[in-house]
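An overview of the molecular structure
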Amino acid sequence: MKPRNNKNLITMRAYRFTPTLAHSVYATARSLNMSESEFVRVVLLDAVDRIQQN
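Definitions and limits used
Residues numbered from 1 in each chain as written. Predicted model: local features only at pLDDT ≥ 70, side-chain atom pairs only at ≥ 80, totals over all residues. Heavy atoms only, no water. Helix = DSSP H or I, 4+ residues; strand = E, 2+ residues; numbered from the N terminus. Buried < 20%, exposed > 50% of the residue type's maximum accessible area, 1.4 Å probe, protein only. Areas by Shrake-Rupley, 256 points an atom, 1.4 Å probe, with all protein chains shown as cover. Salt bridge = Lys/Arg side-chain N within 4 Å of Asp/Glu carboxyl O. pLDDT = per-residue confidence, 0-100.

Here we take up the overall build of the chain. Summing up its helical and strand segments, the chain has three helices and zero strands in all. Counting from the amino terminus, the chain carries its helices and strands in the arrangement α-α-α. Every one of the 54 residues in the chain was classed for burial, and the buried ones make up 15%. Of the roughly 4,800 Å² of accessible surface on the chain, 56% is carried by carbon and sulfur atoms.

Taken as a whole and judged by the stated rule, the model has one salt bridge. For the salt bridge of Asp46 with Arg50, the shortest nitrogen-to-oxygen distance reads 3.0 Å. Of the two residues, Asp46 and Arg50 are both situated in helix H3 (residues 36-53); the distance of four residues between them amounts to about one turn of the helix.

Scored by pLDDT, the chain has a mean of 82; 76% of the residues are at 70 or more. When pLDDT is averaged over each helix and strand of the chain, the minimum, 67, is found for helix H1 (residues 10-15) and the maximum, 92, for H3.

Laid out in structure tokens, this is it:
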């Protein structure tokens, strides 16, 4: 039996994202040479900063 490759589903499982959104986060993080977790953290912190400025 072939093992499942779950490496691309880290974001989907950790943050309960849809498969499409998880793939988008994965691809964007890879293009920026960041881990998925680091990318999500940076995006969330940026969003909080923008909300607090308004």
